[in-house]
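Examination of the molecular architecture
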Amino acid sequence: MDYNFNSIEKKWQQQWKDSQVYKVSNDSEKPKYYVLDMFPYPSGAGLHVGHPLGYIASDIYARYKRLKGFNVLHPMGYDAFGLPAEQYAIEHGVHPAVSTDKNIATFRQQLDNIGFCYDWSREVRTSDAPYYKWTQWIFLQLFKSWFNRKTQKAESIDKLVEIFEAEGNRHHPFPNEKYQVANFGLHVFNAADWKSFDEATRQHILMEYRLAYCGYGEVNWCEALGTVLANDEVVNGVSERGGHPVVKKKLRQWYLRITEYADRLLQGLQTVDFSEAMKEMQTNWIGKSSGAEIEFQIANHKANVVVYTTRPDTIMGVDFMVIAPEHELVRQITTEEQQKEVDEYIDYVNSRSERERMAEKRITGAFTGAYAVNPFDETKHIPIWISEYVLAGYGTGAIMAVPCGDERDYRFAQQFKIPVTNIIGEHFNGEDANATKDAVLSNSGFLNGVPMREAMELVINEIEKRGIGKRKVNYRMRDAAFSRQRYWGEPFPVKWINGVAYPLNESELPLTLPEVESYSPGPEGEGPLANIAEWTSQHLETNTMPGYAGSSWYFLRYMDPQNDQEFAGRKATDYWNQVDLYIGGTEHAVGHLLYSRLWTKALYDLGHIGFDEPFKRLVNQGMIQGSSRFVYRMQAIATKETTGEKVEFQLILSSNYATKLTDELNEADSDFKHHAAINKLVHEKLQDKEYIINFSPIVKLHVDVNIVDGFELDIEKFKQWRNGEYANAEFVLEDGKYICGAEVEKMSKSKFNTVNPDDLVAKYGADTFRMYEMFLGPVEMSKPWDTKGIEGVHRFLKKLWRLFYKEMNTGESVWQVITDTASDAEQKVLHRAIKKIEDDTERFSFNTGVSGFMILVNELTDLKCHKQEILESLLIMLAPYAPHIAEELWHTLGHTTSVIDAAYPKLEEKYLVETSKEYPVSINGKMRTTMVIALTAEQAEVEQLVLGNEVVQKWVEGKTPKKIIYIKNKMVNIVV
């Protein structure tokens, strides 16, 4: 029997499906282990070879843990809501549900082709109403909860009402102090105040405490497209699609109060097994800092401006202040003389996305004409500027600028010629800022001569004593925006009555998406649901939830996916508990991972689950990069001297030729008659020498890697590519071949460097594909894809096959496995491999694990080992990596149950103990042979063995050796 991988793999994939061999129970006496993949968004492009990297790694580990005796949960589903499906609907008139189902069918087929051990009975789709019913339910729990800072946990909003009725909010101040004063004109209310408030006021106040709350936020509004755009859809103030103007617009938005959980999120990082890089990313995103809020009175105004600073010790070095252009004070304090400049600058800022503002390297700003007074030196008036690098949502939306100690402040001062005060003496050279904390302060009034580190506490104590500020812990992280002005997302289970949001009853869930004929945005930037009369007549929320809503808790639904009474039963969540291993990309480092950690903590606080961190261990897979291929195009324009007639055509230059010409072909319309090969080709094409030929610069173009063999372009396929765009091109070749350029880039459809795994599975088999993806390098590392290398892994599996089947001269294959007892040499080879492959698998070093299998098969081949007890152990170890071939050969050995139900081979240490060594044997210092000698052998035994060796006898030529030198564990030398 030949190794017919196609029929073998299809056979076992069908049998696994029919027998539900990977279905897992919530009721087992085995220890549990939960392996989770970051589930995919089912795009129309399907999977390319980069996508399955993490899936294969998790599949290997899930199978391995099952072989080690665990009850393993390894589910899969689809993150099915989102903008791409809606955009496709707008452009093609296909309902998002239809395109999503079609894409999921493609993904499922591709995943099945690779042979994953998913329990498909637990599949979830975030866009299915039975699933998003519970997304809506969890939202309601967040809406009906608040974060009690005293107990540091979420609690029912009903308890907060009881507190307000008994004592007001004196001990539970508003989470957002700026908002409370602006909207209610109060900091604190008592029980009598609360009872006097009308229903609307009470609900507005409660909204300011809810974990899921509604407020107003700035969005990117494009009037021409009639829609809100994400930051990455805005480039230089215009829409990426169509180039239309984009302005800032305030719309009602839902938020999650993740900032209340900042400390819990930081503390939780100490309890999980994430990489240090991942912990650092999350820590930096949360951005906890300690400092002070300080009030600066504005000269000739009743208003003051509050700044947050981590360096209160530098307060006497403040030379100017910067407030966000959208800060509410700008309109109040801007002088008449500066109004025009400020208005023009605000218009400029409004055309910029937040991302562009933060990334801008140029120094821009406008002076308001107003001054703040230094609270410790009333004679020092500080100019107040606005600049795009300060954002209203960060801190207080205002900063005090100390140019001698901050590089950005220093460059701003230089740009606008603002005098710089030196408060750090010799630490400031007048040319660069120095953020030192080790200076002794000068030019600092009452702080003169005080070390900076001591001054921090002195200043904070003084501002609190004077009542002009307070000690403050701040966070860079902001509350998470939780609504989109789109159709294809979870509807909010909320009704608006007289401007107040009321939750639907839980019995009314799911609130399902209505059918629509148009996905056009609603009036004034609202979502498409605002166009549906039967929706708006019920006063339902017209925004929908963002894509990360369903993905924040999907790992919990996998535990109990058919439960129609609750999101997951407590018995199931107590059994499966945390995800033991989560594998996914670093692109979700601060989005999905933080939100899922927040949802888990809130559900834990409210008593719905028994753990407050979702993922015990996280492994971030690297990226399989594309190995792009390029062709080099140069367009030629030939003009006939006598008539002015023009002929245009394109030349496709082979890589080396293009490289040689690049320096000379850097300007359009240059005459390159001295390039003989090109001129010859052109004139042969024109059949006339009366042409003047001009060439454009060389342009490097991506070409589909699937029509390139290594680096050699298939010219005929290239001519047919892209609807024959290059059908009439002329090719300048190297030795009769067109050699492409190459570069490692991100694998993407736009770069034509994606490779479909289906094609490789059809050509080499799923087992080869799985092992090759792992063989490319460590899972955590990024590495380029090279299809050429897959041949070696395929040859390995064929060699493995030949341990079981012998090829006869007749072309037939004969089963050659025998039941003889294995020798010590065979056992040593096996148990060395057991140790290595088990260690490698536990460490996720799957690339070296594959190497271990290759070494094992080579050694067994050399030993001519075809013994069943050795080969059975080999198949069990191989099953996680190459499950199809392992299953086929396992059953051929006579087993009737799946290899996945076998027990992983136990390591026997005795076979790892070396009892002999291969020694080099030299005659007069020149090595002539090698011999295996027992490690316990003494001098006399060694002499007897070497003198009896035929090779030694040949070289000694009957002479009596003068001496035999034996150095234990090293060598033997015979002196004659």
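Residues numbered from 1 in each chain as written. Predicted model: local features only at pLDDT ≥ 70, side-chain atom pairs only at ≥ 80, totals over all residues. Heavy atoms only, no water.

Some details on the overall build of the protein chain
- Secondary structure summary: the protein chain contains 33 helices and 36 strands in total.
- Expressed as a percentage of its 976 residues, the buried residues of the protein chain come to 53%.
- Across the protein chain, the fraction of contacts at a sequence separation of at least 24, relative to all contacts at a separation of at least 6, is 71%.
- When the accessible surface of the protein chain is summed, it comes to about 44,400 Å², and 48% of that surface belongs to carbon and sulfur atoms.
- If the 110 positive side-chain charges of the protein chain are averaged to one point and the 137 negative ones to another, these points end up 4 Å apart. (Helix = DSSP H or I, 4+ residues; strand = E, 2+ residues; numbered from the N terminus. Buried < 20%, exposed > 50% of the residue type's maximum accessible area, 1.4 Å probe, protein only. Contact = heavy atoms within 4.5 Å. Areas by Shrake-Rupley, 256 points an atom, 1.4 Å probe, with all protein chains shown as cover. Lys, Arg positive; Asp, Glu negative; His and termini not counted. Charge placed at Lys NZ, Arg CZ, Asp CG, Glu CD.)

Points about the environment of phenylalanine 139
- Along the chain, phenylalanine 139 falls in helix H5 (residues 129–143).
- Along the sequence, phenylalanine 139 and glutamate 29 sit 110 residues apart, while their C-alpha atoms lie 35 Å from each other.
- Excluding anything up to four places from it in sequence, phenylalanine 139 contacts Ala212, Trp254, Phe482, Phe492, Pro493, Val494 and Met545.

Examining the sheet that holds strand E34 (residues 926–934)
- Taken in spatial order, the four strands of this open sheet run E34-E33-E36-E35, and their pairing is mixed. The sheet is open, and its two edges are formed by E34 and strand E35 (963–967), each paired on a single side. Direction aside, the axes of adjacent strands within the sheet are offset by 20 degrees on average.
- With respect to the sheet, helix H32 (residues 939–947) is in contact with E34, E35 and strand E36 (971–975), its orientation differing from that of E35 by roughly 115 degrees. (Pairing = 2+ DSSP bridges. Axes fitted to C-alpha atoms, helices over the stretch in contact; angles between N-to-C directions.)

Comments concerning a negative patch on the surface
- Taken together, Asp406, Glu407, Glu431 and Asp432 make up a surface patch of like negative charges.
- As for its placement among the helices and strands, aspartate 432 is situated in the loop between helix H15 (407–415) and helix H16 (452–466).
- The exposure class of aspartate 432 is partly exposed, given its relative accessible area of 38%. (Patch = residues over 30% accessible without salt bridge, like charges linked within 9 Å, V, L, I, M, F, W, Y side chains within 5 Å. Salt bridge = Lys/Arg side-chain N within 4 Å of Asp/Glu carboxyl O.)

Overview of the environment of asparagine 949
- Among the structural elements, asparagine 949 can be located in the loop between H32 and helix H33 (950–956).
- Measuring from C-alpha to C-alpha, the distance between asparagine 949 and methionine 931 comes to 8.7 Å, with 18 residues separating the pair along the chain.
- With residues near it in sequence (within four places) discarded, asparagine 949 still touches Thr929 and Met931.
- A distance of 2.9 Å separates a polar atom in the side chain of asparagine 949 from the backbone nitrogen of valine 951. (Polar contact = N/O pair within 3.5 Å; in protein donor to acceptor, adjacent residues only side chain to side chain.)

So, the packing of helix H4 (residues 96–114) against helix H25 (residues 757–764)
- Axis separation between H4 and H25 bottoms out at 10 Å; the angle between their running directions is 35 degrees. Where H4 crosses over H25, the two elements pack in a sense that is left-handed. Contact with H4, carried on its side by Gln110, Asn113 and Ile114, involves Pro757, Asp758 and Val761 of H25 and no other residues of that element.
- Within the contact of H4 with H25, the residues separate by chemical class into three nonpolar, two polar and one charged. (Left-handed = near helix turned anticlockwise from the far one by under 90°. Nonpolar A, V, L, I, M, F, W, Y, C, P; charged D, E, K, R; others polar.)

What to know about the packing of aromatic side chains
- Counted under the stated rule, the structure contains 73 aromatic pairs.
- Geometrically, the ring pair formed by tyrosine 410 and phenylalanine 428 is edge-to-face, given 6.0 Å between the ring centres and 75 degrees between the ring planes. With a gap of 18 residues between them, tyrosine 410 in helix H15 and phenylalanine 428 in the loop between H15 and H16 connect regions that are remote in the sequence.
- Classification of tyrosine 410 by relative accessible area gives buried; the value is 6%.
- Judged by centre distance (6.0 Å) and plane angle (75 degrees), the rings of phenylalanine 482 and phenylalanine 492 are edge-to-face. Placement of phenylalanine 482 in the loop between strand E17 (480–481) and strand E18 (494–497) and of phenylalanine 492 in the loop between E17 and E18 is noted, with a sequence separation of ten residues between them. For the pair phenylalanine 482 and phenylalanine 492, a shared accessibility class is recorded, and that class is buried.
- An aromatic cluster of three or more residues is present, and its members are Tyr33, Tyr61, Tyr64, Phe70, Phe844, Phe846, Phe853, Tyr881 and Tyr904.
- Of note, arginine 210 hangs over the ring of phenylalanine 143, and the distance from its end group to the ring centre comes to 4.0 Å. (Phe/Tyr/Trp six-rings, centres within 6.5 Å; stacked < 30°, edge-to-face > 60°. Lys NZ or Arg CZ within 6 Å of the ring centre and 35° of its normal.)

Here's the deal with the confidence of the model for the protein chain
- Model confidence for the protein chain is summarised by a mean pLDDT of 92, while 96% of its residues fall at 70 or above.
- Scored below 50 in pLDDT, residues 665–674 makes 23 contacts in the model with residues more than four places away or belonging to other chains. (pLDDT = per-residue confidence, 0-100.)

Let's talk about helix H2 (residues 52–67)
- Between its first and last C-alpha atoms H2 spans 22 Å; for 16 residues at 1.5 Å apiece the expected length is 22 Å, and the two agree.
- Among the 16 residues of H2, 16 are classified as buried, and the element is accordingly described as predominantly covered. (Expected span 1.5 Å × (residues − 1).)

Considerations on the environment of tyrosine 410
- Here the alpha-carbon distance between tyrosine 410 and aspartate 319, two residues 91 residues apart in the chain, equals 10.0 Å.
- Those residues in contact with tyrosine 410 that lie beyond four places of it in its chain are Pro403, Val420, Phe428, Gly430, Glu431, Asp432 and Ala433.

Section: the nonpolar core
- One finds Phe139, Trp254, Phe482, Met771 and Phe804 to be the most contacted residues of the largest nonpolar core, which totals 163 residues.
- Sorting elements by how many residues they give to this core places H2 first, with nine residues.
- Those residues within four positions of phenylalanine 482 in sequence are excluded, and the remaining contacts are Phe139, Trp254, Tyr255, Leu256, Phe492, Thr544, Met545, Pro546, Tyr548, Ala549 and Trp599.
- Among the nonpolar cores identified, the runner-up in size contains 45 residues, and Ile294, Val342, Ala372 and Ile382 belong to it. (Core = buried A, V, L, I, M, F, W, Y, C linked by side-chain atoms within 4.5 Å.)

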